[in-house]
Amino acid sequence: MGANASREAVAGIDGQCQPLIRVQNLIKYYHEELILKDISVDIEEGDLVSIIGPSGCGKSTFLRCLNGMEVLDCGSVNINGISLQRKTLGAPMQDFNTKAHALRQQVGMVFQTFNLFPHKTLLQNVMMAPMIVQKKSRDEAEAIAVKFLDKVGLKTFSHRYPIQLSGGQQQRGAIARALALSPKVMLYDEPTSAIDPTRVDEVLEVMRDLDKEGMTQIVVTHEMRFAKDASDYIIYMEQGEFVEISDEDEIFIAPKDERTRKFLKKFM
Ligand SMILES: Nc1ncnc2c1ncn2[C@@H]1O[C@H](COP(=O)(O)OP(=O)(O)OP(=O)(O)O)[C@@H](O)[C@H]1O
Ligand SMILES: [Mg+2]
């Protein structure tokens, strides 16, 4: 199954109303190497989508294209009405920086390593984006930071420095920091892979809670149990293509594509 066929497999697409996220014919090269091969997908508001696939297949690159951290070589990414578009390969892109900046306001991103500033407390880390990006006052930013630290269960840890927190707590702090800008979409790139296995569930639980509240989330993960239990659907990616998009029952019980079957057999 190719990327376009996969796209049709996403439930609820009627071609009429625009989904929250629409990616069309996305192509990305690094130097001469084709990394993303004509990817198209629609993601509806409130969906939790997991992306799985072997190392180097382009999962992180795809996420980075979604929030304007990478310049796409062709195709389009549209999130909540903000569009990055390149009609033909290498054609000039008007206003990329302005649009990418606007897109990043809609999209929170959480990385494998938490990237909290070590010389700032958790509270200060979370306050920074509202103050710098949204020009909130210190009091407003603090109220926002406290709200989201409370949401991820870290209110009582607000005045600790990252080094005084476990990996799971730091990652929950990173999620609070991303939420502080009130994004429409949250992207996670292997959010639990650098965490002690005993702390993984507390991070996944935050993502589950956000799902219940209707947050749209895309998660690159090796946590098959989470992908299976929590996702609305799972994308299997290989060599820059979305090979298969299916719900968890289908993909784990009866994958449609031989490549998916082979990957899951090796992985599980
Ligand atoms: N900045 C870059 N410059 C050149 N090549 C890159 C760059 N970033 C990634 N690549 C290459 O692009 C391909 C896809 O990388 P990407 O990081 O998206 O894979 P991935 O699926 O996220 O892998 P992993 O599961 O190991 O994180 C790889 O071959 C990688 O070496
Ligand atoms: Mg990656």
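Presented here is a report on the structure given in the accompanying data block.

Rules of the game
- Residue numbers restart at each chain and count upward from 1, following the sequence in its written direction.
- Chains carry letters from A onward and ligands carry numbers from 1 onward, assigned in written order.
- Totals for whole chains, interfaces and linings use all residues, but because this is a predicted model, local features are given only for residues with pLDDT of at least 70 and pairs of side-chain atoms are given and counted only at 80 or more.
- The basis for the side-chain values is all heavy atoms of the structure; hydrogens and waters are excluded.
- What counts as a helix is a DSSP run of H or I of at least four residues, what counts as a strand is a run of E of at least two, and both are numbered from the N terminus.
- A radius of gyration in this sense is built from C-alpha atoms; the matching globule rule multiplies 2.2 Å by the number of residues raised to 0.38.
- Throughout, exposure labels follow a simple rule: accessible area from a 1.4 Å probe, protein chains only, divided by the maximum for the residue type, with under 20% read as buried, over 50% as exposed, and the rest as partly exposed.
- Throughout, a contact is declared for two residues whenever any of their heavy atoms are within 4.5 Å.
- Areas reported as accessible are Shrake-Rupley estimates using a 1.4 Å probe. Residue values count occlusion only from the protein chains shown.
- Asp and Glu count as negative and Lys and Arg as positive, but His and the ends of the chain are not part of the count.
- Charged groups are reduced to one reference atom each: NZ for lysine, CZ for arginine, CG for aspartic acid, CD for glutamic acid.
- If DSSP finds at least two bridges between two strands, the strands pair.
- Cavity and pocket criteria rest on a 1 Å grid covering protein atoms alone: a 1.4 Å probe that fits but cannot get out defines a cavity, protein on both sides within 12 Å along at least 5 of 7 lines defines an open pocket, and an atom within 4 Å of a point defines a lining residue.
- Grid points are joined across faces, edges and corners, and a volume is the space filled by probe spheres set on the points.
- Put simply, Ala, Val, Leu, Ile, Met, Phe, Trp, Tyr, Cys and Pro go in the nonpolar bin, Asp, Glu, Lys and Arg in the charged bin, and everything else, Gly too, in the polar bin.
- In this analysis, the expected span of each helix is defined as 1.5 Å times one less than the number of residues it contains.
- In this description, a line fitted to the C-alpha atoms serves as the axis of each element, helices being fitted only across the stretch in contact, and the angle between N-to-C directions of two axes falls anywhere from 0 to 180 degrees.
- Being near a molecule or strand, for a residue, comes down to having at least one heavy atom within 4 Å of it.
- The definition of a polar contact used here is a pair of N or O atoms within 3.5 Å, where within protein one atom must be able to donate a hydrogen and the other to accept one, and adjacent residues in sequence count solely through side-chain atom pairs.

What follows covers the overall build of the protein chain. Check the secondary structure of the protein chain and you find ten helices and ten strands. For 268 residues, the compact-globule estimate of 2.2 N^0.38 gives 18 Å, and the protein chain sits close to it at 18 Å. If you line up the protein chain on its principal axes, its C-alpha atoms span 50 × 45 × 35 Å. When burial is assessed residue by residue, the protein chain has 53% of its 268 residues classed as buried. For the protein chain, long-range pairs separated by at least 24 residues make up 65% of all intrachain contacts whose partners lie at least 6 apart in sequence. As displayed, the protein chain offers around 12500 Å² of accessible surface, 49% of which is attributable to carbon and sulfur atoms. Across the protein chain, 32 positive and 37 negative side-chain charges occur, with their mean positions spaced 5 Å apart.

Moving on to the pairing of strand β6 (residues 107-110). A two-sided burial pattern is seen for β6, the buried positions comprising V107 and M109 on one face and G108 and V110 on the other. Relative to strand β7 (residues 185-189), β6 runs parallel, the two being bridged by four bridges. When the bridges of β7 are listed, G108 appears paired with M186.

Of the pockets and cavities examined, the largest pocket occupies roughly 550 Å³. Together, 21 residues line the largest pocket, and M109, A129, V133, R177 and L181 are the ones closest to its centre. At the level of elements, α3 (96-106), β6, α4 (122-132) and α6 (167-179) are the ones that each hand at least two residues to the lining of the largest pocket. Per-element accounting of the lining of the largest pocket gives the leading share, four residues, to α4. Split by residue class, the lining of the largest pocket holds 13 nonpolar, six polar and two charged. Estimates place the volume of the second largest pocket at around 150 Å³. As for the second largest pocket, its lining consists of P54, Y236, E238, E258, R259, K262, F263 and K266. Looking at the lining of the second largest pocket, the elements that each hand over two or more residues are β9 (233-238) and α10 (258-267).

Between its first and last C-alpha atoms α6 spans 18 Å; for 13 residues at 1.5 Å apiece the expected length is 18 Å, and the two agree. Of all 13 residues in α6, twelve are buried, a share of seventy percent or more. Among the residues of α6, those classed as buried are G168, Q169, Q170, Q171, R172, G173, A174, I175, A176, R177, A178 and L179. On its buried face, α6 sits against β6, α4, α5 (138-151), β7 and α7 (200-212).

Our focus in this paragraph is the sheet that holds strand β4 (residues 74-79). Read from one edge of the open sheet, four strands run β2-β1-β4-β5, paired in antiparallel fashion. Each edge of the open sheet carries a strand with a single partner, namely β2 (33-43) and β5 (82-86). Along the sheet, successive strands turn relative to each other by an average axial angle of 15 degrees, direction set aside. Taken strand by strand, helix α2 (residues 59-66) contacts β1 (21-30), β2, β4 and β5, and its axis lies near 120 degrees from that of β1.

Quick look at the site of ligand 1 now. Looking at ligand 1, there are 13 residues lining it, with S55, G56, K59, S60 and T61 nearest. The contact in question runs from an oxygen atom of ligand 1 to an N or O atom on the backbone of C57, over 3.2 Å. Between ligand 1 and G58, the relevant distance is 3.0 Å, taken from an oxygen atom to a main-chain nitrogen or oxygen of the residue. In isolation ligand 1 has 640 Å² of accessible area, and contact with the protein removes 63% of it. Every element with two or more residues in the shell around ligand 1 is listed here: β2 and α2. When residues in the shell around ligand 1 are grouped by element, the largest group, four residues, is from α2. When its residues are assigned to classes, the shell around ligand 1 shows four nonpolar, five polar and four charged.

Such coordinate-based values are descriptive only and should not be taken to indicate function.
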